[in-house]
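Secondary and tertiary structure notes
Spelled out, the chains give:
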Amino acid sequence: MLNEIDDSVDFEPEYYNEAYLNRRISARMRRSDTETHAEYLSFLQSNPDEREALMDSLTINVTNFFRNPKMWNALRPVLQELSAENRRIKVWSAPCADGREPYSLAMLALDDPEINARRIEILGTDISDEALEHAREGTYETTRTTNIEEELSLLDNPTKYVTQDDNKFTVTDSVKSMVSFERHDLIADGKKSGFHLAFCRNLLIYIDTEFKLPVFEAVADSLVDGGYLVVGMTETVPPECRDSFDAVNKRCRIYRRVS
Ligand SMILES: C[S@@+](CC[C@H](N)C(=O)[O-])C[C@H]1O[C@@H](n2cnc3c(N)ncnc32)[C@H](O)[C@@H]1O
């Protein structure tokens, strides 16, 4: 089933945990009222909307502004310290999904008077072209399941960073100008370089065991010495890399590269 799906959508099933993939496919089968794999496959092949829905579900591009608010507050002193030094600070959000993670960082930097936002440049990357398109557009909608106003409530003055039109919130140019986006596959494209801070949140949890270490290393090896790393709240530094990182705030999953 997974191989046939591979031929129908632009997706690499071998990257991901098989039990996880099967759960997502079963959920799509229930939603589309198909009972057998063969039935679902033929529905998938003849229905472009279903291909898109399946792709969305497989790559779980779920994200929030200020996801895990405690972590963002714990990051303030890190950004204050980094931006106090007279240099450009490079930050990588990998993967960035629809851009709310890198935009959260830009907003926090602009909103906190002790962080020098002018020194900070942020790169957001993801494997999904659709997510990146959404990120560049920077418009997010409050729906039954997503409350954008609530997501932004960590900021002192959220209305400075988004313009509102009914239920739609668009990130302002001052925020957008701090962030650039590009497509990057953390497995196939590997590491970058020169980052002072990197986020790798909520991808490792659903990636296949075989790829967890390469994904983690792609991000970790892109940091400068002493650079900071943030992983998701249910993730951790793999045992093979523990000697290279000190915990700055273990509960919030903020680490620092020491070798
Ligand atoms: C759950 S989101 C995480 C977004 C954000 N970091 C957060 O924590 O809210 C996972 C993202 O990983 C992306 N992704 C999946 N496989 C990837 C890969 N091999 N390389 C880069 N991004 C990938 C998906 O497209 C999706 O947008």
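This is a predicted model, so every value here is computed, not measured.

**Considerations on the site of the ligand**
The full set close to the ligand counts 21 residues, and Y16, T63, R67, D126 and N202 are the nearest of them. Within the backbone of R201, a nitrogen or oxygen atom sits 3.0 Å from a nitrogen atom of the ligand. Between an oxygen atom of the ligand and a side-chain N or O atom of N202, the distance comes to 2.8 Å. For the ligand, whose accessible area on its own is 610 Å², the fraction buried by protein is 99%. Split by residue class, the shell around the ligand holds ten nonpolar, six polar and five charged.

**Section: the domain arrangement of the chain**
Examined at the domain level, the chain breaks down into domain 1 (2-58) and domain 2 (69-257). Each of domain 1 and domain 2 has a C-alpha centre, and these two points are 29 Å apart. Contacts between domain 1 and domain 2 engage nine residues on the former and nine residues on the latter. Across the interface of domain 1 and domain 2, roughly 790 Å² is buried in total on both sides, 56% from carbon and sulfur atoms. Ranking the residues of domain 1 by area buried against domain 2 places Y15, Y16 and N17 at the top, with a combined share of 62%. The interface formed by domain 1 and domain 2 includes zero salt bridges. In this assembly, domain 1 and domain 2 are joined by three residue pairs in polar contact (both at pLDDT 80 or more). Taken together, the elements giving at least two residues each to the side of domain 1 that touches domain 2 come down to α2 (18-31) and α4 (48-58). With three residues, α4 is the largest single contributor of residues to the side of domain 1 that touches domain 2. Taken together, the residues of the side of domain 1 that touches domain 2 sort by class into four nonpolar, one polar and four charged.

**A closer look at the sheet that holds strand β6 (residues 179-183)**
With mixed pairing, the seven strands of this open sheet are ordered in space as β6-β2-β1-β7-β8-β10-β9. A single partner strand is all that each edge strand has here, and the edge strands are β6 and β9 (245-249). Averaged over all pairs of adjacent strands, the angle between their axes in this sheet comes to 25°, without regard to strand direction. Where strand β7 (residues 195-200) lies against strand β8 (residues 223-231), five bridges are found, and the strand directions are parallel. Within the sheet, the bridge partner assigned to L197 lies in β8 and is Y228. On top of the sheet, helix α5 (residues 69-84) reaches β1 (89-93), β2 (120-126), β7, β8, β9 and β10 (254-257); it is set at about 165° to β7, its chief contact. Sitting on the sheet, helix α10 (residues 209-220) is in contact with β1, β7, β8, β9 and β10, with an inclination near 130° to β8.

Conventions adopted
In this convention, every chain numbers its residues from 1, walking through the sequence in written order. A pLDDT threshold of at least 70 governs which residues receive local features in this predicted model, and a stricter bar of 80 or more applies before side-chain atom pairs are shown or counted, although totals over entire chains, interfaces and linings include all residues. Remark: hydrogens and water are excluded; side-chain values derive from all non-hydrogen atoms of the structure. Throughout this document, a residue counts as near a molecule or strand when at least one of its heavy atoms sits within 4 Å of that molecule or strand. The term polar contact refers here to a pair of N or O atoms within 3.5 Å; inside protein, the definition further demands a hydrogen-donor-capable atom paired with an acceptor-capable atom, and it admits residues adjacent in sequence only when both atoms are side-chain atoms. Each accessible area value is a Shrake-Rupley result obtained with a 1.4 Å probe; residue values ignore everything except the protein chains displayed when judging cover. Basically, the charged four are Asp, Glu, Lys and Arg, the nonpolar ten are Ala, Val, Leu, Ile, Met, Phe, Trp, Tyr, Cys and Pro, and anything else, Gly included, counts as polar. All domain edges in this entry derive from an automatic or database-based domain assignment. In what follows, residue pairs with any heavy atoms lying within 4.5 Å of each other are defined as contacts. Two parts placed together each lose some accessible area under a 1.4 Å probe, and adding up what both lose gives the buried area. Think of a salt bridge as a Lys or Arg side-chain nitrogen and an Asp or Glu carboxyl oxygen that are within 4 Å of each other. Helix and strand definitions follow DSSP, with helices as H or I runs of at least four residues and strands as E runs of at least two, each counted in order from the N terminus. Any two strands between which DSSP finds at least two bridges are classified as paired. To obtain each axis, a line is fitted to C-alpha atoms, and for helices this fit is confined to the stretch in contact; angles are then taken between N-to-C directions over 0 to 180 degrees.

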